[in-house]
Amino acid sequence: MRYGRGPEVLKDLTFELERGSFHFVTGPSGAGKSSLLKLIYLAAKPTKGLVHLFGQDISRLAVKDQPFLRRRIGVVFQEFRLLEHLSAFDNAALPLRIAGGRPESYRDDVAELLAWVGLRHRMHAMPATLAGGEKQRLAIARAVVNRPDILLADEPTGNVDHEMAMRIFRLFVELNRLGTTILIATHDQDLVARSGRPVLHLEGGRMVRHGVQDEAQP
Amino acid sequence: MSEMFDAARWKPAPFLPEADARDGALIFVVAVLSFLACLMALAFVSADRAAHGWAQQLVGEATVIVRPKGGESPDAAAARAAETLAGVPGVSEARALEREKAYDLIRPWLGDVTDLEDLPVPRLVTVELDRRNTPSAATLDQALKAQGLDGVVDDHSLWLKDITRAAWAARWLGGGVFLLIAGAAAAVIAFATRAGLTARRDVVEVLHLAGAEHALIAKLFQARFARIAAVGGTAGALTAAAVGATLRMAGGGEGLTPALPIAWSDLLVLLPCPVAAALVAALAARFTADSMIRDLQ
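Throughout what follows, the structure given in this document is the object of discussion. Starting from 1, residues in each chain are numbered consecutively following that chain's sequence as written. Working convention: letters from A go to chains and numbers from 1 go to ligands, in the order in which they are written. Selection of residues for local features in this predicted model requires a pLDDT of at least 70, selection of side-chain atom pairs for listing and counting requires 80 or more, and totals for whole chains, interfaces and linings are taken over all residues. Computation of side-chain values: all heavy atoms of the structure, hydrogens and water removed.

## Things to note about empty space enclosed by the protein
Part 1: Every definition here rests on a 1 Å grid over the protein atoms only: cavities are sets of points where a 1.4 Å probe fits but cannot get out, pockets are open sets enclosed by protein on both sides within 12 Å along at least five of seven lines, and lining residues have some atom within 4 Å of a point. Grid points are joined across faces, edges and corners, and a volume is the space filled by probe spheres set on the points. Applying the stated rule across the entire model yields two cavities of 30 Å³ or more.
Part 2: The space that makes up the largest cavity amounts to roughly 140 Å³.
Part 3: Taken together, the elements giving at least two residues each to the lining of the largest cavity come down to strand E4 (73-76) and helix H5 (132-144) of chain A together with helix H6 (201-209) of chain B.
Part 4: Per-element tally for the lining of the largest cavity: the top contributor is E4 of chain A, with three residues.
Part 5: Its residues placed into classes, the lining of the largest cavity shows eight nonpolar, two polar and three charged.
Part 6: Every residue lining the second largest cavity is counted, 11 residues in all, and those nearest its centre are Leu42, Ala44, Lys45, Ile58 and Gln66 of chain A. Helix and strand definitions here come from DSSP, where helices need a minimum of 4 consecutive H or I residues and strands a minimum of 2 consecutive E residues; each element is numbered from the N-terminal end. By the convention adopted, Pro, Cys, Tyr, Trp, Phe, Met, Ile, Leu, Val and Ala count as nonpolar, Lys, Arg, Asp and Glu as charged, and the other residues, Gly among them, as polar.

## Looking at a nonpolar patch on the surface
Part 1: Two distance rules govern patches: like charges are joined within 9 Å, and nonpolar side chains (Val, Leu, Ile, Met, Phe, Trp, Tyr) within 5 Å, applied only to residues with over 30% relative accessible area and no salt bridge. Each accessible area is a Shrake-Rupley estimate made with a 1.4 Å probe; only the visible protein chains count as cover when residues are assessed. Salt bridges are counted wherever a side-chain nitrogen of Lys or Arg sits within 4 Å of a carboxyl oxygen of Asp or Glu. Taken together, Phe28, Val29, Val32 and Leu36 of chain B make up a surface patch of nonpolar side chains, about 330 Å² in accessible area.
Part 2: Residue placement: leucine 36 of chain B occurs in helix H1 (residues 21-59).

## Notes on the environment of alanine 182 of chain B
Part 1: Mapped onto the fold, alanine 182 of chain B is located in helix H5 (residues 157-199).
Part 2: Considering only alpha carbons, one finds alanine 182 of chain B and serine 34 of chain B, 148 residues apart in sequence, at a separation of 7.5 Å.

## Re the packing of aromatic side chains
Each aromatic ring pair is described using two quantities: the centre-to-centre distance and the angle formed by the ring planes.
Part 1: Only the six-membered ring of Trp is used, alongside the rings of Phe and Tyr, when aromatic pairs are assigned; centres must lie within 6.5 Å, and planes under 30 degrees apart are stacked while those over 60 apart are edge-to-face, with the rest tilted. In total, this model carries seven aromatic pairs over all chains according to the counting rule given.
Part 2: Here the aromatic rings of phenylalanine 22 of chain A and phenylalanine 24 of chain A are separated by 5.6 Å at their centres, their planes lie at 50°, and the arrangement is tilted. One exposure class covers both phenylalanine 22 of chain A and phenylalanine 24 of chain A, and it is buried.
Part 3: Here the aromatic cluster, defined as three or more aromatic residues joined through ring pairs, consists of Phe22, Phe24 and Phe169 of chain A.
Part 4: Here arginine 97 of chain A stacks its cationic end above the ring of phenylalanine 15 of chain B, 4.2 Å away from the centre of that ring.
Part 5: Throughout this description, the term charge over a ring refers to an Arg CZ or Lys NZ atom that lies within 6 Å of the ring centre and within 35 degrees of the ring normal. Above the ring of tryptophan 116 of chain A, the side-chain terminus of arginine 167 of chain A is found at 5.9 Å from the ring centroid. Remark: exposure states derive from per-residue accessible area (1.4 Å probe, protein chains only) relative to the maximum for the residue type, with buried under 20%, exposed over 50%, and partly exposed in between.

Geometric values such as these leave the question of function open.
Written as structure tokens, this is what we have:
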């Protein structure tokens, strides 16, 4: 895969994620972690090759069908991508509104989720008034609010302290236990090692390691 | 404050920000362009009517120059010509111009001559014609000759050609300038829409990645910019209507605007302006949003 006429950012990648699995994507900056996630959440297309998701080749998916597939994918962006003119509650409820749900059917769930990620007292708050960690938790709440089949997270613990990082990780584990496939791109080697979850390690756009990483591995 | 949040009373906020500092500038630009387009439309309608009126006036009249022959006096010859012409089918009325009026007509060329009576000044007969059954100049000429009268019939055809040509030019010029301004308005709206969409690219991307259908995103921007353009178009049309009404009240055809007499009914042409501006903006926003969403694929 390449952006425009630029160099290849991902090459010779072949792997499969089992439904309900939990993986980390690791690697140095520029290794292609975010690009790999973009391929899966349909923000980029492979220059060559196939990307299968939920039994479909998403690189050849008709444009009209893409929105419905995206609703099954939760994404936590590295830069959060919260809508500044919407309150925390409105931001979190966004995927459910887009999916056409009636407010009465989901508003209590949204409130409960926000309380769970520690934003009980910040539901009215606008994103500009939230601290970095609060924004991150809000972005996570928005990504998981519609119980996606797969959750992709780009550095989800990058702006939070250790305690909150572990809490977010436990949220991901809980979602995974409920059947959501999880793929997290991270630099947090400590979290990866302690989780005992398999790792896709990228370097220079290629996958150089695939498997469980023990705590001694760098 | 935070404990006060009651999910049961929550009302979803609009996907797009309610207002934007850029909206005011866009409304102003659309209002100015709509105002100019409306003024041009008013000028076009009144010019068209004026030209039509001039042409109708010329078609409905003819002038006959009567030259007395033999010992007949000019006044007697003119009276006989008027009587003859009044009997021609298609002539509503024929009237010999009074001697004083005939002198008045030639006085600018001859100066203040006191003994005009000694000059062989021809007499004029004005003929009003039935517009549905207008006799030709040749028919009038034959009628005069049959009565032994020497006259030259001027059915204004020479002037009519010039007037018709001038009216045609005025119509096309007015229409062309109107289209030019309307096109400029459309281009500005399209440009502003693109700028507005680019400024809200973050919203477009988040909605897109959260699974919003393309039609939903395009409709949001379409409605937003159509509303802005409708407000600008209404302001422009109202201002133009106020200017038109002022010109009408200040004299209409006999006052400030003798060449372009504005009628009250002309103001009706301004009614579609807000709708037209909204339509142009909606189309521009739709095309722009569609192309931007395609780029996100």
